[in-house]
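# Chain and residue survey
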Amino acid sequence: MTELEKLLNAIKEIVDREKTLQEAKRTRGENFNIFNVLGVTTSEVRLHSAFIAELLNPYGDHGLGEKFLKFFIEEAINKNVADNTIQCFKFDFTSIKDVIVEKDIGPVKGEHGGRIDICIEDNNGSYIIIENKIYAGDQENQMKRYWNYAQKMCESDTNKYRLIYLTLDGHEPSEGSLCGLKSDDYICLSYKYDIISWLNRCVEQSVRHPLIRETIFQYIETLKQLTYSNMDNPNNILEIMSKKEYLDTVFVIANNLNGMICNIINNILHPQLFSLAENKGLKLDFTENDEWMTKSWAGWSFSHPDWNNFYIAMEFERRGLGSLIIGFHRKEDKKYEEIDCWEELWRRTTSKDKNNQNWIWRDFSPSNWNTPNSLKEIIDGKMAERISEEIDKLLECTQGLDV
């Protein structure tokens, strides 16, 4: 047996035991999670921004005052800045003026405007500004726009605000979003480490408030699912992978993970999409490549021979096959203003962005394909079935319209 086979077998044994434990938990009702039941686990606005903002609000219904906000400043903000700036952040968590979700700071124009996911202001005019990303991609100039807003409101006093970029894994914003900002102009936080650590302190503080404690606990479990950190005994796998005889094999697997995903998309999904398009009288535009995990705006499209203005497109808004959307994209030679059916098609499609002049779109579920479950669905053909169903719905929206 090769070292690779030994390693995989050893890890499989642990994964199988974990599945057995999780199934036992499920039968006992220990895996019940209201956020999963409601289907909002990946919703940035409806769940994550709303829930975090509620905890950070001293006047929230949790009734614990400013304690959660104080912990957030200690656990998330102060631990992630240079020592010489910790005492300089002039924010009074005992005197809060506003905690706002989706704060409108004006129409987007270049490096100004937009909607801040979470904005907290104290009565002294200091701000905590949080850009919250689950699977959504960065917008052009987004962090720069929010930085400009903070600079304006705080009269360029950098000690009176903190600009936070919050993601599942704590990665950096894109250059297009930063637009020249330096690393000390913002703080990167992760759900996996920073937010879960903060929430654990919140759970401890809520020990005498069972409803609040259990709700926070369920939210922590949701985050562990999203960040793939919900194994009961992850150290067992780490111990095996850390053995000297397996290190070469571990690195071989890690270095080929992206290639494996690209292989599944190029050699399994591609033929399925081609067959799907042919059955519907559409033409597939799909380019096989080895950059599916690193390419910005990766995707494919379907064109209809009788359509003059649109084609159906699917595109990942985030690198790493995250935040997949589907909808109608205008052809390059067509202007938004010249397409008479735009408003009606937008209404029928229930698009998520009325002001977009290129797309009429909505989220595709599952939106994140960089997961074992999504890849399994591609392999067994279920993902192609989902795509087929969504395309049928879009085709129904075009009935009687000159698309």
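Reading the values: rules and limits
Sequence order sets the numbering: in each chain, residues are counted from 1 along the sequence as written. Given that this is a predicted model, residues contribute local features only at a pLDDT of at least 70 and side-chain atom pairs are listed and counted only at 80 or more, while totals for whole chains, interfaces and linings are drawn from all residues. Computation of side-chain values covers all heavy atoms of the structure but excludes hydrogens and water. Pairing of aromatic side chains here covers Phe, Tyr and the six-membered ring of Trp, requires ring centres within 6.5 Å, and sorts the geometry by plane angle: under 30 degrees stacked, over 60 edge-to-face, intermediate tilted. Going along the chain from the N terminus, every DSSP run of H or I of four or more residues is numbered as a helix, and every run of E of two or more is numbered as a strand. Burial here depends on accessible area, computed with a 1.4 Å probe over protein chains only, as a share of the maximum for the residue type. Under 20% is buried, over 50% is exposed, and the range in between is partly exposed. By salt bridge we mean one thing: a side-chain nitrogen of Lys or Arg within 4 Å of a carboxyl oxygen of Asp or Glu.

Enumeration according to the criterion identifies 16 aromatic pairs in this entry. Ring geometry for Phe35 versus Tyr219: centroids 5.9 Å apart, planes at 75 degrees, classification edge-to-face. Taken together, the residues span a long stretch of sequence, with Phe35 in helix α2 (residues 34–38) and Tyr219 in helix α8 (residues 210–226) at a distance of 184 residues. Using a relative accessible area of 8% as the deciding quantity, one classes Phe35 as buried.

Turning our attention to the pattern of salt bridges. Counting across every chain of the model gives 16 salt bridges. Put simply, Asp104 and Arg115 hold a salt bridge, and the shortest N to O gap is 4.0 Å. Residue Asp104 is located in strand β1 (residues 96–104), and its partner Arg115 is located in strand β2 (residues 115–122); the two are separated by 11 residues in the primary sequence. The exposure class of Arg115 is partly exposed, given its relative accessible area of 43%. In this structure, Lys280 engages Asp392 in a salt bridge whose closest nitrogen and oxygen atoms are separated by 2.6 Å.

Looking now at unusual backbone geometry. A cis amide bond, omega 5 degrees, links Ser365 with the succeeding residue Pro366. Counting through the fold element by element, Pro366 comes out in the loop between β10 (359–363) and α13 (372–379). Backbone geometry at Ser156 places phi at a positive 65 degrees, although glycine is not the residue there. Along the polypeptide, Ser156 turns up in the loop between α5 (142–153) and β4 (161–167). Owing to a relative accessible area of 47%, Ser156 belongs among the partly exposed residues under this scheme.

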